[in-house]
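# Examination of the molecular architecture
Spelled out from the first residue to the last, the chains are:
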Amino acid sequence: MDLLIQVLVNGILLGGLYAVMALGLALVWGVLNIVNLAHGAFIMLGAYISWHLYVYASIDPFLGLPITAILMFALGYALQRGLLNLIVRAPMFNTLLLTFGLEVVLTYLAQLAFSADYRTINPAYAGNSFQLGALTIPVVRLAAFAVALGLTIGMWLFLLHTRLGRAIRATAQNLVAARLYGVEPRHLYALTFGLGLALAGAAGGLYGTVSQINPYIGASLTAKSFAISIIGGLDNPLGVLVGGLFLGIVESLTALYIGPTFSDVASFSILILVLIVRPSGLLGKTA
Amino acid sequence: MSSSGSVLLSLCLAVSAALPLSPAHAQDIVLGASVQLTGPLANTGRYYRDAYQITVDKINAAGGVKIGGQAHKLALKLYDNQSDVNLSVRQYTQLLTQDKVNLLLGPFASNFAIADSAVSEKYRVPMVQGGGASDQIFSRNFKYIFGTLAPASNYFGSTIDMLAHLKPAPKTAALLYADDSFDVSVANGTRPKLKSAGLQIVMDERYSTNASDFNTLLSQIKSKNVDVVLVAGHETEILNFVRQAKSLAVAPKLYSFTVGVPSEDFRKALGKDADYAFGMTAWLPSADLKDRWFGDAQQFAQAYRAKYGYDPDYHAASGAADVETLVQAMENAGSTDPKKVRDELAKIKFDSLYGPIAFAANGQIDLPQDVVQVQGDKLVAVYNGKTFTAQAKYPMPAWGARQ
């Protein structure tokens with residue numbers, strides 16, 4: 001029984017991390033209709049930025065998150081204005097091709113710049129844990145979970161209750177009407193993409209504190225983020241949180257009861273099931 | 001080509017054919033290989049690129065390979081397979097059909113060696129590879145594949161021997177392994193050894209290659225209070241495993257890993273958390289291992305570090321030994337003919353910086369594994385298969401009790 005509860009807690013904490021990883025992808029996908037295949041590579045880039053801040057400037061990885069996010073936002077804004085805007089209304093295939101190319105370029109640039117050595121963001125407290133009855137709670141995972149929760153709710157409030165957030169949603173829902181109300185889509189698209197990358201950057205910083213970083217972690221993170229976005233739905237950041245938690249728990253329980261090789265089978269089976277039963281995601285509005 | 005160009009060319013050919021060949025003009029012997037220079041395996045792949053290059057340079061500086069009284073320089077034809085097995089198969093085919101290299105060196109990793117050895121077998125050109133240890137590579141009666149990594153099935157052999165001499169004696173064991181060829185071979189070899197050593201296997205779990213989450217397995221290890229945890233996997237997985245073990249406060253009496261522990265990069269990435277981790281290596285840079293080209297293994301390690309800025313581990317030594325083995329076989333055969341070199345490889349016997357080189361009938365070397373442990377910031381050889389060479393730090397203290 002203790003084991004089951006421990007594994008459930010592990011799954012929930014893992015799910016929090018999953019949710020931050022997917023938030024940016026879902027936002028960009030929902031608003032710009034771009035499935036950003038380079039999303040995982042941006043998470044990798046964020047992880048390296050946090051690692052450099054920690055190793056060379058001794059900035060605590062959690063305090064460094066805003067810096068990483070701001071740098072990534074600037075990169076995202078520039079990339080959207082300079083590059084992605086060219087294909088924003090092009091067929092889906094072009095956006096996939098461009099972002100895939102971006103993924104390859106980023107990965108290999110990262111190997112050139114940072115080498116293929118494995119890095120970890122490993123402050124003294126990184127491995128600490130505390131006991132809660134028979135449960136062991138890893139401090140950093142809990143903190144990452146808290147950040148995930150904060151970012152998700154923050155995003156949700158931002159999209160629902162601020163003028164800018166509403167403008168972003170309006171653009172996603174009806175571009176013509178939004179323009180009639182004075183929304184400037186070029187700026188807004190760049191802002192959204194910047195925001196997506198800022199979230200990816202934050203996710204990367206958190207990822208580096210619990211896992212290892214190398215230039216090739218991107219592709220699998222993109223796949224995971226993709227599955228979470230589909231399962232949770234693109235309309236609502238809370239959906240992404242639910243999707244992340246759901247996936248985290250399912251993977252952990254699968255590893256416990258069926259076997260660790262089946263975790264991916266379970267998560268992608270659920271992805272297919274969701275596509276069949278609720279194509280717009282668990283929390284998505286049904287069309 | 002213009003007619004004047006072709007006239008010029010045939011003139012040159014005629015002149016060069018008429019001149020007696022001095023040693024300096026002897027044709028280079030080209031060794032071909034496809035190695036992981038980029039992609040997820042680049043981190044270990046670089047050992048092979050660097051080891052091949054430094055050994056080829058060293059041999060050339062000493063005058064090259066002497067075949068039939070004539071000295072030949074070695075040349076290396078290296079492709080980057082981007083950590084992609086299919087690409088590496090195409091590149092080995094290209095090396096033999098278009099580049100027409102003389103002999104082959106291997107890639108890193110067992111699944112690559114399995115696929116690529118089919119190419120060397122098909123074209124009947126010997127490949128000496130130092131990157132694949134899986135028993136599967138050598139179980140197909142291939143005649144042209146030779147391997148200088150100790151058999152995967154015996155990676156944990158010396159570690160399990162050591163367990164019997166530890167106090168308090170461990171009683172239960174967990175065996176975790178990734179689902180690729182090398183690690184499955186390790187697990188299949190380890191299981192019966194654990195049983196005959198009298199340990200109870202309470203967990204026997206296979207996980208997906210590139211898994212990043214070990215929390216469930218670790219929680220099980222903790223709840224079953226396992227004494228000994230043996231993990232056969234890849235370095236990325238093992239880094240995650242150790243970090244997550246710490247964060248869940250999981251401290252078995254001993255844990256040991258097939259890869260990572262001997263390499264500098266692993267200890268750097270984990271810092272203090274690498275302490276107490278056990279591993280194994282078939283090679284240590286000892287001055288006792290004499291070598292014709294480098295002097296001994298210690299000098300090899302020094303030259304390697306001076307050239308590349310990082311320490312070689314057994315992968316690098318194995319790669320260097322592959323080049324030396326091909327050279328020795330060519331000299332013994334007095335020829336570069338692939339068939340003749342192959343026959344010499346089958347019965348080769350010489351001492352190298354990597355240890356005594358000789359192949360069993362299936363083409364694989366057999367070397368004992370030294371048990372190593374990270375102690376503080378050093379890697380210490382603690383058990384050589386027969387006796388302790390240093391005090392093993394055992395049992396591992398709880399994470400909270402560490403300094």
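For clarity, every value in this text was computed on a predicted model and none was experimentally measured.

Glancing now at the overall build of chain A. Tallying secondary structure elements over chain A gives 11 helices and two strands in all. Whereas a compact globule of 287 residues would reach a radius of gyration of roughly 19 Å, chain A reaches 19 Å, a difference of no more than 12%. Taken along the three principal axes of its C-alpha coordinates, chain A extends 60 × 45 × 35 Å.

Glancing now at the nonpolar core. The biggest cluster of nonpolar side chains holds 125 residues, and the ones touching the most others in it are Leu31, Leu104, Val231, Ala277, Ala317, Ala320 and Leu353 of chain B. For this core, the element with the highest residue contribution is helix H11 (residues 314-333) of chain B, accounting for 10 residues. Two domains share this core, each providing at least three of its residues, namely domain 1 (20-150 + 285-357) and domain 2 (154-281 + 369-401) of chain B. Apart from residues no more than four positions distant in its own chain, alanine 277 of chain B is found in contact with Val242, Tyr255, Phe257, Val261, Gln373 and Val374 of chain B. Of all hydrophobic cores here, the second largest spans 83 residues; its members include Leu14, Val28, Val140 and Met155 of chain A.

Turning next to the environment of glycine 233 of chain B. All names here are of chain B. With respect to the helices and strands, glycine 233 occurs in the loop between strand E10 (228-232) and helix H8 (235-247). A tally of 27 C-beta atoms within 10 Å means that glycine 233 is categorised as buried. Distance in space between the C-alpha atoms of glycine 233 and proline 397 is 24 Å, their sequence separation being 164 residues. For glycine 233, the contacting residues outside a window of four places in its chain are Tyr177, Ala178, Asp183, Ile238 and Thr258.

All names here are of chain B. The strand order E4-E1-E5-E6-E7 describes an open sheet built from five strands, whose pairing is parallel. Every interior strand has two partners, whereas the edge strands, strand E4 (74-80) and strand E7 (145-147), have only one. Taking each pair of neighbouring strands and ignoring which way they run, the sheet shows an average axis angle of 25°. As paired elements, strand E1 (residues 29-35) and E4 share seven bridges and run parallel to each other. Residue pairing across strands places valine 35 opposite aspartate 80, the latter belonging to E4. Of the strands in this sheet, E1, E4 and strand E5 (103-105) are in contact with helix H3 (residues 85-97), which crosses E1 at around 170°.

What follows is about the interface of chain A and chain B. In this assembly, 35 residues from chain A lie in contact with 35 residues from chain B. At six residues, the largest contribution of residues to the side of chain A that touches chain B is made by helix H1 (residues 2-32) of chain A. Broken down by class, the residue content of the side of chain A that touches chain B amounts to 13 nonpolar, 16 polar and six charged.

Residues and elements named next belong to chain B. Of all seven residues in E1, six are buried; the element is thus mostly enclosed. Bridge analysis of E1 against E5 gives two bridges, and the strand direction is parallel. Within E5, the position partnered with glycine 32 by the bridge is leucine 104.

A separate point is helix H6 (residues 163-173) of chain A. Given 3.6 residues to a turn, an α-helix orients residues that are three or four positions apart in the same direction. Residues and elements named next belong to chain A. Those residues of H6 not exposed but buried are Ala167, Ile168, Thr171 and Ala172. Down the axis of H6, the buried side of the element spans an arc of 135°, and every buried residue falls inside it. Summarising the geometry of H6, the exposed residues directed more than 90 degrees from the buried face are Arg163 and Gln173. Where the residues of H6 are buried, they touch H1, helix H5 (139-161), helix H7 (175-180) and helix H8 (185-210).

All names here are of chain B. Residues of strand E12 (residues 278-281) alternate between two faces, with Phe278 and Met280 on one and Gly279 and Thr281 on the opposite face, all of them buried. Here four bridges tie E12 to strand E17 (residues 370-375), and the two strands are oriented antiparallel to one another. When the sheet's bridge partners are listed, methionine 280 is paired in E17 with valine 371.

Time to look at the UniProt feature "domain: Leucine-binding protein" (unreviewed entry) in chain B. Within the UniProt annotation, "domain: Leucine-binding protein" (unreviewed entry) is assigned to residues 29-375 of chain B. Taken end to end, residues 29-375 of chain B has its terminal C-alpha atoms 44 Å apart, with 41% of it in helix and 21% in strand.

Attention shifts here to the domain arrangement of chain B. All names here are of chain B. Taken domain by domain, chain B holds domain 1 (20-150 + 285-357) and domain 2 (154-281 + 369-401). Taking only C-alpha atoms, the centre of domain 1 and the centre of domain 2 are 31 Å apart. Among the elements that take part in the side of domain 1 that touches domain 2, helix H4 (residues 110-123) stands out by supplying three residues, more than any other. Here the side of domain 1 that touches domain 2 is built from residues that sort into six nonpolar, five polar and three charged.

In this section: the environment of glycine 271 of chain B. Inspection of the secondary structure puts glycine 271 of chain B in the loop between helix H9 (264-270) and E12. Considered as a pair, glycine 271 of chain B and aspartate 377 of chain B are 106 residues apart in the sequence and their alpha carbons are 8.0 Å apart.

Turning our attention to unusual backbone geometry. Between lysine 167 of chain B and the following residue, proline 168 of chain B, the backbone shows a cis peptide bond with an omega angle of -5°. Here proline 168 of chain B is to be found in the loop between helix H5 (157-163) and strand E8 (172-178). A cis amide bond links tyrosine 394 of chain B with the next residue in sequence, proline 395 of chain B, at an omega value of -10°. If you trace the backbone, proline 395 of chain B turns up in the segment after strand E18 (378-383). For serine 58 of chain A, which is not glycine, the phi torsion reads 55° and is therefore positive. You can see serine 58 of chain A is positioned in the loop between helix H2 (39-57) and helix H3 (61-82). The backbone phi angle of alanine 109 of chain B is positive, close to 85°, even though this residue is not glycine.

Next up on the list: the packing of helix H10 (residues 237-257) of chain A against helix H7 (residues 215-224) of chain B. Across the interface, H10 of chain A lies against H7 of chain B with an axial gap of 8 Å and an inter-helix angle of 45°. On the basis of the axis angle, H10 of chain A is oblique to H7 of chain B. Viewed along their axes, H10 of chain A and H7 of chain B form a crossing whose handedness is right-handed. Between H10 of chain A, through Ser252, Ala255 and Leu256 of chain A, and H7 of chain B, the contact on the second element is made entirely by Asn215, Thr216 and Leu217 of chain B. Per-class residue counts for the contact of H10 of chain A with H7 of chain B are three nonpolar, three polar and no charged.

About the thresholds
- Residues numbered from 1 in each chain as written.
- Chains lettered and ligands numbered in written order.
- Predicted model: local features only at pLDDT ≥ 70, side-chain atom pairs only at ≥ 80, totals over all residues.
- Helix = DSSP H or I, 4+ residues; strand = E, 2+ residues; numbered from the N terminus.
- Rg over C-alpha atoms; globule rule 2.2 N^0.38 Å.
- Core = buried A, V, L, I, M, F, W, Y, C linked by C-beta atoms within 7 Å.
- Buried ≥ 20, exposed ≤ 12 C-beta atoms within 10 Å, placed from the backbone.
- Domains from an automatic or database assignment.
- Contact = placed C-beta atoms within 7 Å.
- Pairing = 2+ DSSP bridges.
- Axes fitted to C-alpha atoms, helices over the stretch in contact; angles between N-to-C directions.
- Nonpolar A, V, L, I, M, F, W, Y, C, P; charged D, E, K, R; others polar.
- Arc of directions from axis to C-beta.
- UniProt positions renumbered as here; feature names shortened; annotations may be inferred.
- Parallel < 35°, antiparallel > 145°, perpendicular 65-115°, else oblique.
- Left-handed = near helix turned anticlockwise from the far one by under 90°.

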